[in-house]
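Chain by chain, the residues run as shown.
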Amino acid sequence: MPPEPAAREIGSEFHWDPAVLTGGGLPGWLPSRRELFATGCGALRALLRLLAPGGRLHVPSYFCMGVAEALAECLPVTYYRQLPDGRGPRWETLRTRPGDVVLAQNLFGREDGAGWAAWIGAHPAIPVIEDHSHDPFSGWARTSTAAYAVASLRKTLPVPDGGLLWSPVGRELPGTEGPESQGAAEKLAAMLLKGGWLAGQPVPKESFRALQRRGEGTLLGSAGPASTVTAAVLPMLDVSGIRAAGSRNVEAVRTGLYGRTKYGRSGRDSDAAPFRLPLALPSESDRDALLVRLAENAIFAPVHWRQDRRGWWSGDHEAAAWADRMLTLPVDHRCSPGDVCRIVDVVTEFTAQASRESKTGHIIRA
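Residues numbered from 1 in each chain as written. Predicted model: local features only at pLDDT ≥ 70, side-chain atom pairs only at ≥ 80, totals over all residues. Heavy atoms only, no water.

In the nomenclature of an unreviewed UniProt entry, the protein corresponds to DegT/DnrJ/EryC1/StrS aminotransferase family protein from the organism Actinoplanes palleronii.

In structure tokens form, the structure reads like this:
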């Protein structure tokens, strides 16, 4: 059943919350030589223009296709297989040659980086750029030996923009390009209005949703500097607390759904903070039905990431098949214990109902 009108919204874009301004900021292990772009995609594009490689960019086949398409404007993109099955990259599909660049990713913040460290050691002439957007401050990020590392901060922190770029081995970095993006100001306005709406003020929801959409469109791929607001707020954010709270909530939802408290994979980074909670359903129609059920209960789950086989996609049918079945439960630092219980209840009820209606049953993997 749909919730009462006053049901607390879970997920969607961050709102402005002064309660997280308790200090701490970015971790001290980050090198002082770093650049703060408006977006992670913009940072990657600026870096590729600086490197001007003569070869190709190798991108994971389970990845944001919008970013891959934007990077293809800088150099040809090819794909190696990495799926959301916990097995990491399929190294035999990563076939590089001189002049190539590789984009690695800590998918859903669940990787330990050991495989990439070994690959980098065996291929010193190939620059590797690690994407740590799903867990910018993990043990892997801290101990990275890659040429470059990037993180889109607005994926995990309540800031309107921000793409952090650094070189773990001290290589030259590109500078930002042009002025701040107007999109960040639109996103900030949306965050402020959403904060008022969540507090019960008479703010029309569509007013901040329209600003969010417009701001994200304006911000898309910007290689300009991070907004003044983001640059000023980052040193005052309780970054470690935000990260730890999200990790606890992920484990609480997983325990509620599966009765276990540990994400089991041998060798996982002990300092990893899982990004939200990805689920794989039996089919695309099941996934879409659960998206609807969650939304009916004011739980707004994103999809990471759709692949349009008639448009820009990886060409990896297995990766696209996973993308058809995946959604991500919006479990982050904003979730209260009651929110955690509501997420568990809705998913459990959906799964039970689907199992009753299907002879084969419906198993959801996290």
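This part is about the pattern of salt bridges. Applying the stated rule across the entire model yields 23 salt bridges. Among the salt bridges present, the one from D85 reaches R90, with a minimum N-O distance of 2.5 Å. Per residue, the accessibility class of D85 equals that of R90, and both read buried. Taking the shortest distance from any N to any O, the salt bridge between D288 and R287 comes out at 2.7 Å. The exposure class of D288 is partly exposed, given its relative accessible area of 30%. Its relative accessible area of 1% is what places R287 among the buried residues. Ionic contacts of the salt-bridge type, sharing partners, join the residues E13, R154, K187 and E216 into one network. (Salt bridge = Lys/Arg side-chain N within 4 Å of Asp/Glu carboxyl O. Buried < 20%, exposed > 50% of the residue type's maximum accessible area, 1.4 Å probe, protein only.)

Reading across from one edge, β2-β8-β7-β6-β5-β3-β4 is the order of the seven strands in this open sheet, with mixed pairing throughout. The sheet is open, and its two edges are formed by β2 (34-37) and β4 (77-80), each paired on a single side. Averaged over all pairs of adjacent strands, the angle between strand axes in this sheet comes to 25°, irrespective of strand direction. Sheet topology note: the strand β7 (residues 148-152)/strand β8 (residues 163-166) ladder contains four bridges and is antiparallel. Counted as the bridge partner of V150 is L165 from β8. Strands in contact with helix α3 (residues 114-122) are β4, β5 (101-105) and β6 (128-131); relative to β6, the strand with the most contacts, it is inclined by about 165°. (Pairing = 2+ DSSP bridges. Helix = DSSP H or I, 4+ residues; strand = E, 2+ residues; numbered from the N terminus. Axes fitted to C-alpha atoms, helices over the stretch in contact; angles between N-to-C directions. Contact = heavy atoms within 4.5 Å.)

We now examine the side chain of S144. Structurally, the position occupied by S144 is in the loop between α4 (139-142) and β7. For S144, a relative accessible area of 9% translates into the label buried. At a separation of 2.8 Å, a polar atom in the side chain of S144 contacts the side chain of E130. If sequence neighbours within four positions are ignored, S144 has contacts with E130 and P168. (Polar contact = N/O pair within 3.5 Å; in protein donor to acceptor, adjacent residues only side chain to side chain.)

Moving on to the packing of aromatic side chains. With the rule as written, the count across this model stands at nine aromatic pairs. Following the ring pairs from residue to residue traces out a cluster consisting of Y62, F63, F108 and W305. Note that R325 overlies the ring of W322, its terminal NZ or CZ placed 4.8 Å from the centroid. (Phe/Tyr/Trp six-rings, centres within 6.5 Å; stacked < 30°, edge-to-face > 60°. Lys NZ or Arg CZ within 6 Å of the ring centre and 35° of its normal.)

Looking now at helix α6 (residues 205-219). An ideal rise of 1.5 Å per residue puts 21 Å on 15 residues; α6 measures up with 21 Å between its terminal C-alpha atoms. Three or more residues of α6 are buried, namely F208, L211, Q212, G215 and L219. For α6, the angular spread of buried residues about the axis comes to 105°, placing them on one side. Here the buried face of α6 lies against α5 (182-198). At the exit of α6 stands G221, carrying a positive phi of roughly 75°. (Expected span 1.5 Å × (residues − 1). Arc of directions from axis to C-beta.)

Below, the discussion takes up the packing of helix α8 (residues 239-258) against helix α11 (residues 337-357). Between two packed helices, both the angle of their axes relative to each other and the distance between the axes serve to describe the pair. Interhelical geometry of α8 versus α11 gives an angle of 35° and a closest axis separation of 9 Å. Crossing handedness for the pair α8 and α11: right-handed. Taken together, the residues of α11 that come into contact with α8 (itself represented by N249, A252, V253, G256 and L257) are V340, I343, V344, V347 and T348. Tallied by class, residues from the contact of α8 with α11 come to seven nonpolar, three polar and no charged. (Left-handed = near helix turned anticlockwise from the far one by under 90°. Nonpolar A, V, L, I, M, F, W, Y, C, P; charged D, E, K, R; others polar.)

For the pair helix α9 (residues 284-296) and α11, the least separation of the axes is 10 Å and the interaxial angle reads 135°. Here α11 runs oblique to α9, going by the angle between their axes. Between α9 and α11 the crossing geometry is right-handed. Of the residues in α11, those touching α9 at D286, A289, L290, R293 and L294 are V346, V347, E349, F350 and Q353. Of the residues that constitute the contact of α9 with α11, the class distribution is six nonpolar, one polar and three charged. (Parallel < 35°, antiparallel > 145°, perpendicular 65-115°, else oblique.)

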